[in-house]
Amino acid sequence: MNSVREACTDMKCEYHQCFNRWFAEKFLKETAPGPVQRSLQALLAVLSESSKEKRFLLKDWSSWVMAKKPENSS
Amino acid sequence: MKIWTSEHVFDHLWETVTTAAMQKYPNPMNPSVVGVDVLDRHVDPSGKLHSHRLLSTEWRLPSIVKSLSGSARTKTYVRENSVVDPVEKTMELKSSNISFTNMVLVDERLTYKPHPQDPEKTILTQEAIISVQGVSLSS
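Parameters at a glance
- Residues numbered from 1 in each chain as written.
- Chains lettered and ligands numbered in written order.
- Predicted model: local features only at pLDDT ≥ 70, side-chain atom pairs only at ≥ 80, totals over all residues.
- Heavy atoms only, no water.
- pLDDT = per-residue confidence, 0-100.
- Helix = DSSP H or I, 4+ residues; strand = E, 2+ residues; numbered from the N terminus.
- Core = buried A, V, L, I, M, F, W, Y, C linked by side-chain atoms within 4.5 Å.
- Buried < 20%, exposed > 50% of the residue type's maximum accessible area, 1.4 Å probe, protein only.
- Contact = heavy atoms within 4.5 Å.
- Buried area = accessible area lost by both parts, 1.4 Å probe.
- Polar contact = N/O pair within 3.5 Å; in protein donor to acceptor, adjacent residues only side chain to side chain.
- Nonpolar A, V, L, I, M, F, W, Y, C, P; charged D, E, K, R; others polar.

Draft legend 1. Molecular detail of the confidence of the model for chain A. For chain A, mean pLDDT is 71; residues scoring 70 or higher make up 55% of the total. Mean pLDDT across the elements of chain A ranges from a minimum in helix 3 (residues 52-68) of chain A, with 58, to a maximum in helix 1 (residues 9-25) of chain A, with 89.

Draft legend 2. Representation of the nonpolar core within the structure. With 17 residues, the main nonpolar core has Phe23(A), Phe27(A), Leu49(B), Val84(B), Met91(B) and Tyr112(B) as its most contacted residues. In terms of residue count, the dominant contributor to this core is helix 1 (residues 14-22) of chain B (four residues). Excluding its chain neighbours within four sequence positions, the residues that come into contact with Phe27(A) are Trp22(A), Val43(B), Gly47(B), Lys48(B), Leu49(B), Val84(B) and Pro86(B). Ranked by size, the runner-up nonpolar core spans five residues in total, among them Tyr25(B), Val33(B), Leu55(B) and Val78(B).

Draft legend 3. Molecular detail of the interface of chain B and chain A. Across the contact, 29 residues belong to chain B and 24 residues belong to chain A. Each partner contributes to the roughly 2,100 Å² buried at the junction of chain B and chain A, and carbon and sulfur atoms together form 69% of this total. Our count for the chain B to chain A interface comes out at two residue pairs in polar contact (both at pLDDT 80 or more). Where the side of chain B that touches chain A is concerned, the elements lending two or more residues are helix 1, strand 2 (33-43), strand 3 (49-60) and strand 4 (73-85) of chain B. Residue contributions to the side of chain B that touches chain A peak at nine residues, all from strand 2 of chain B. Per-class residue counts for the side of chain B that touches chain A are 16 nonpolar, eight polar and five charged.

Structure, rendered in structure tokens:
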């Protein structure tokens, strides 16, 4: 399948083969939250019980976590 | 505004249907989609996979348009956002056209889930909302 930029078509093909393999063989098989996710969920639950001011800070913290999370292969 | 909905049951597991849906194009059943590009893809802290894709579609127009515009083919673009949750087993896609938005808006939403009565099957729910600017489409 061509890319909108033809120069990228070969690289795209390589990426898609890699992604499709990871998606079917790894990603879809992770049906339980991993230790990092469980830890994050527990922490977020505690933080969300705090005051309204702290809930506002929680939103920034979630953005920070997303920025810091290591790149998953895809 | 016109709303169109449909449901379809696949006789396959949700994982199989989702994997296939990710590789939907090129698709001989819909040859107008000529390109797919992933613009962004990431897994969020809750483990859901978010993808943002750009689809290029090409349409052959009637010859009268060719004589007016000099070209019988026109490329249009659609943006598609999808979220796959491997724990809850849901895949949701939302797409909208980003070309000719001054004339027509087509928003589509697809949801793939295991069938509630038979988890070995997958149910697809589709909804499309079409608006033509300045024209009432109510029936």
